[in-house]
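# Remarks on the overall topology
Read off the chains here:
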Amino acid sequence: MTTPIEGTKSAEIGGSTLTFESANNCAQVSRGRVAEKKVDVVGIATKLNNRTADAINNASKHLTNKRKVGKKLPAELRAKDDAHTKMVDTVTCCIKIKCPDFLRPVLDSLVPKARACVDRMLAHRDQSSSKYYHEIPSAISKSLIAKYQRNKKCKSVTNLVLPISGDKGRQIKLEAGGLRIPALFKKEILPVIWLRLPVGFIRSAEFFMRKGGWYAAVCYNAKADKQFVCTGTVGVDRNSVGAVATLADPQSGKVLHLGFNPAKTKEVWRGRKANLQGLGKKRLLHEIRNKQSRRTKYENHVVSKQIVDYAAKHRRCINVEKLENVRKGKIRRYSESSQWSFYQLLQFILYKAALRGVMVLEVDSAYTSQECSRCHQLTKPNGKSYRCGHCGHNDHRDANAAFNVAGRAMPIGGVVGDSVRSDSGLLVVPFLGTEVQQCN
């Protein structure tokens, strides 16, 4: 539920045009509070001046004149779409590929040398230069130093990973049909089928062995879809008990309880870790923690994909609660015993939404579970059941909270407008390769 809009105002800040819309001052909220007339957030796209544009063009010409080995790049990967040439909205992606057999001898021969170098790195942390590890290419040794030696918590390495930094296109080069890494494979090309075409240069690559085969995890920038015009909002209530998240669509009245029940699974994990810790089984305890981390990451990936798919299909904007201080409030004991990885779920929603052109808003989380989604009066819920003491509205507690989250901010004209009971509506903008500022 949003308040009427008075009008649009604009301002000039640093040569960029700032546009926002404000809510009127007559929207009343419960407990006598009034929706403040203020700007919640505005994204400012800065303009490049002539000197900056000339510098970027000169750098792109220098890179374009370099000799390329292999077939000619397709049109979508040439310099005109390079990140050095122009400002492009991008999102960092990672793809896992299987290395072909003709590249395996190089990687197999490199493993024992790299392992010996890593052991020396951990034993002599002051030797943080590639000149001490001449057995392996300097591009690999520098990446190993950054990954293992500079990590003070790393004491030993069991599953060795061979990382290499892209170095802005110097170490990992884009070729037709894949990648070329001169430091490892000379002129051989690692075949890659891109799910999304890369923009600019490859950020990094890591080679690792799983079940007798070599794989590569390639990190690169992909072009983000243009944000579409929203036809409404959906609210996402992140939970620790009952379901990972609950999605509510006020426009259609649809409610989705996504994911499994985190509380029961975490209770089992806590019991197993307590028993192993009492017995001093550190290795098994470490394995349980890794298993818990993998399960949490998997569930958050599944839930975030379902949320973004629904929002993209129905042209909705995603509203989520701002849960930065959840451990400092009254539910600290409850959150510490049943807390789910809320921040990780938000990050997964952000980058998936950026790839699909979906807008994500972060709103105030105060009283979302106690406020009635119909009459907006406060009533304390009973477990997972909610019955309003004023209008008699009966609903699931998480669904009622999700409807409240959906109504606390509404994108109007591409920015955020104040709504009733909204102390703040924050436009969450991941880094997309452009300069973005936020104003309150």
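It should be noted that the structure appears before, not after, this text.
Reference entry: report on the structure contained in this document. (Residues numbered from 1 in each chain as written. Predicted model: local features only at pLDDT ≥ 70, side-chain atom pairs only at ≥ 80, totals over all residues. Heavy atoms only, no water.)

## Brief notes about the overall build of the protein
Convention followed: Here a helix means four or more residues in a row that DSSP labels H or I, a strand means two or more in a row labelled E, and each is numbered from the N terminus. Only protein chains enter the accessibility calculation, which uses a 1.4 Å probe; a residue is then buried when its area is under 20% of its type maximum, exposed when over 50%, and partly exposed in between. To be clear on the numbers: accessible area is Shrake-Rupley with a 1.4 Å probe, and residue cover counts the displayed protein chains and nothing else.
Of the regular secondary structure elements, the protein holds nine helices and 21 strands. The 440 residues of the protein split such that 43% are buried. With the model as given, the accessible surface of the protein reaches about 24100 Å², and the carbon-plus-sulfur share is 50%.

## Notes on the packing of aromatic side chains
How two aromatic rings sit relative to each other is given by the distance of their centres and the angle of their planes. What counts, and what does not: To pair, rings of Phe, Tyr and Trp, with the six-membered ring standing in for Trp, must have centres within 6.5 Å; the planes then decide the type, stacked if under 30 degrees apart, edge-to-face if over 60, and tilted in the middle. Any Lys NZ or Arg CZ found within 6 Å of a ring centre and within 35 degrees of that ring's normal is scored as a charge over the ring.
Tallied over the entire structure, the rule returns five aromatic pairs. Seen in terms of ring centroids, W194 and Y220 are 4.9 Å apart; in terms of plane orientation they differ by 70°. Their pairing is edge-to-face. You can see W194 sitting in the loop between β8 (189–191) and β9 (198–210) and its partner Y220 sitting in strand β10 (residues 213–223), a full 26 residues away along the chain. Overall, the relative accessible area of 15% leaves W194 in the buried class. According to the relative accessible area criterion, Y220 is buried, its value standing at 3%. The ring centre of Y215 lies 4.9 Å from the NZ or CZ of K96, which sits over that ring.

## Overview of helix α5 (residues 262–279)
Note the following rule: A helix is expected to reach a length of 1.5 Å times the quantity of its residues less one. It is the directions from the helix axis to the C-beta atoms whose arc is reported.
Taking 1.5 Å of rise per residue, 18 residues should cover 26 Å, and α5 covers 26 Å from first to last C-alpha, within 8% of that figure. Among the residues of α5, those classed as buried are P262, A263, T265, K266, W269 and L276. The arc enclosing the buried residues of α5, seen along the axis, measures out at 155°, which places them on a common side. Among the exposed residues of α5, those oriented more than 90 degrees off its buried face are K264, E267, N275, G278 and L279. Where α5 terminates, the next one or two residues include G280, which has phi positive at roughly 75°.

## Concerning the pattern of salt bridges
For clarity, the cut-off: Salt bridges are defined by distance alone: a side-chain nitrogen of Lys or Arg within 4 Å of a carboxyl oxygen of Asp or Glu.
Scanning all chains against the criterion turns up 14 salt bridges. Note that R295 and E299 form a salt bridge whose closest N and O atoms lie 3.1 Å from each other. Residue R295 and its partner E299 are both found in helix α6 (residues 282–314); the two are separated by four residues, about one turn of the helix. Among the residues examined, R295 registers a relative accessible area of 32% and is labelled partly exposed. Overall, E299 belongs to the buried group, its relative accessible area being 10%. With a closest N to O distance of 2.9 Å, R408 and E371 form a salt bridge. On the criterion of sequence distance, the pair formed by R408 in the loop between α9 (397–406) and β18 (410–412) and E371 in the loop between β15 (360–363) and β16 (385–387) is long-range, its members being 37 residues apart. An identical accessibility class is assigned to R408 and E371; each is buried.

## What about the sheet that holds β10?
The condition that has to hold: When DSSP finds two or more bridges between two strands, those strands count as paired. Note on geometry: axes are C-alpha line fits, over the in-contact stretch for helices, and angles between N-to-C directions span 0 to 180 degrees.
Here four strands make up an open sheet; going across it, the order is β4-β10-β9-β5 and the pairing antiparallel. In the strand order of this sheet, the two ends are held by β4 (90–98) and β5 (162–165), each with one partner. Neighbouring strand axes in the sheet, compared pairwise and without regard to direction, differ in orientation by 15° on average. When β4 meets β10, the two strands line up antiparallel, connected through nine bridges.

## Points about the packing of α6 against helix α8 (residues 342–356)
Worth spelling out the cut-off: Angle categories are assigned with fixed cut-offs, so that under 35 degrees is roughly parallel, over 145 is roughly antiparallel, 65 to 115 is roughly perpendicular, and the rest are oblique. Helix crossings fall into two classes, left-handed where the near helix is turned counterclockwise from the far one by less than a right angle and right-handed where it is turned clockwise. What makes two residues a contact is simply this: any of their non-hydrogen atoms within 4.5 Å. In this classification, Asp, Glu, Lys and Arg are treated as charged, Ala, Val, Leu, Ile, Met, Phe, Trp, Tyr, Cys and Pro as nonpolar, and every other residue, Gly included, as polar.
As a packed pair, α6 and α8 sit with axes 9 Å apart at the nearest point and diverge in direction by 40°. Relative to α8, the element α6 is oriented oblique. In this structure, α6 crosses over α8, and the sense of that crossing is right-handed. In contact with T296, K297, N300, H301, V303, S304, K305, I307, V308, D309 and A312 of α6, α8 contributes Q344, L345, F348, I349, Y351, K352, A353 and R356. Classifying every residue of the contact of α6 with α8 by side-chain character gives nine nonpolar, five polar and five charged.

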